[in-house]
Amino acid sequence: MFGFGKIKFKGVDKKKISDEEHISDFNTAEKIGRVSLGKLAFYYRDLGVKYYVPYEYIDRAFTRISECQPDDSPAYYYYRLILVHDGKEFANLIFNEEEDVDKIHARLKEIRPEIQFGYVPPADGKRRHFC
């Protein structure tokens, strides 16, 4: 009646979809943390919203490491998977384990070899803050 049971995805164009093809792809996709790597798209969850990104949309991916220094404890690290399109970061996904991000990078290389990897500083030299 209210559509609570149907999976909906938000795209990079802000449009929502809920077609059977993407739902089936999502359900059978390889899961790594909060990311799912399907045949049709890259899926992730952020703030309760499920997103889908066609692989062709991803131009570059890289890992950003964030250090957290508590007062009386040793530092711990977060590993952020950053996805870039047209020179702009559009996804910033946080992981606790570096191995998860490394696995995603490896799978993205297999799925779409055209994706570039590694950080490229902006032409104007000013680092954009995404978070």
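Details of the structure are given in the entry above.
Now for a description of the structure that goes with this document. This is a predicted model, so every value here is computed, not measured. (Residues numbered from 1 in each chain as written. Predicted model: local features only at pLDDT ≥ 70, side-chain atom pairs only at ≥ 80, totals over all residues. Heavy atoms only, no water.)

Some details on unusual backbone geometry
- Even without glycine at this site, Lys-14 takes up a positive phi of about 75°.
- For Lys-14, the position within the fold is in the loop between strand E1 (9-10) and strand E2 (16-17).
- A positive phi is found at Asp-86, a non-glycine position, where the angle reads about 55°.
- The class of Asp-86 is exposed, set by a relative accessible area of 63%. (Helix = DSSP H or I, 4+ residues; strand = E, 2+ residues; numbered from the N terminus. Buried < 20%, exposed > 50% of the residue type's maximum accessible area, 1.4 Å probe, protein only.)

Quick word on the pairing of strand E6 (residues 49-54)
- With 6 bridges joining them, strand E5 (residues 41-46) and E6 adopt antiparallel strand pairing. By the bridge assignment, Tyr-44 is partnered in E6 with Tyr-51.
- Counted between consecutive antiparallel strands, the loop separating E5 from E6 contains 2 residues, among which Leu-47 sits at a positive phi close to 50°. (Pairing = 2+ DSSP bridges.)

Let's talk about the pattern of salt bridges
- Taken as a whole, this structure holds 5 salt bridges when the rule is applied.
- Close ionic contact of Arg-107 with Glu-30 constitutes a salt bridge, the shortest N to O distance being 2.6 Å. Of the two residues, Arg-107 is situated in helix H2 (residues 98-111) and Glu-30 in strand E3 (residues 30-32); the sequence distance between them amounts to 77 residues.
- Here Arg-107 falls in the partly exposed class, since its relative accessible area comes to 24%.
- What makes Glu-30 partly exposed here is its relative accessible area of 34%.
- Notably, a salt bridge pairs Glu-89 with Arg-64, separated by 2.9 Å at the nearest N-O pair. (Salt bridge = Lys/Arg side-chain N within 4 Å of Asp/Glu carboxyl O.)

Quick look at the environment of Asp-102
- If you trace the backbone, Asp-102 turns up in helix H2.
- A sequence separation of 11 residues divides Asp-102 from Ala-91, and the C-alpha atoms of the two residues are 16 Å apart.

Description of the side chain of Asp-100
- Tracing the backbone through its elements, the reader meets Asp-100 in helix H2.
- There is no salt bridge for the buried Asp-100, and the closest opposite charge comes from Lys-103, which lies 4.4 Å off by N-O distance.
- Contact partners of Asp-100, with chain neighbours within four places excluded, come to Ile-32 and Phe-95. (Lys, Arg positive; Asp, Glu negative; His and termini not counted. Contact = heavy atoms within 4.5 Å.)

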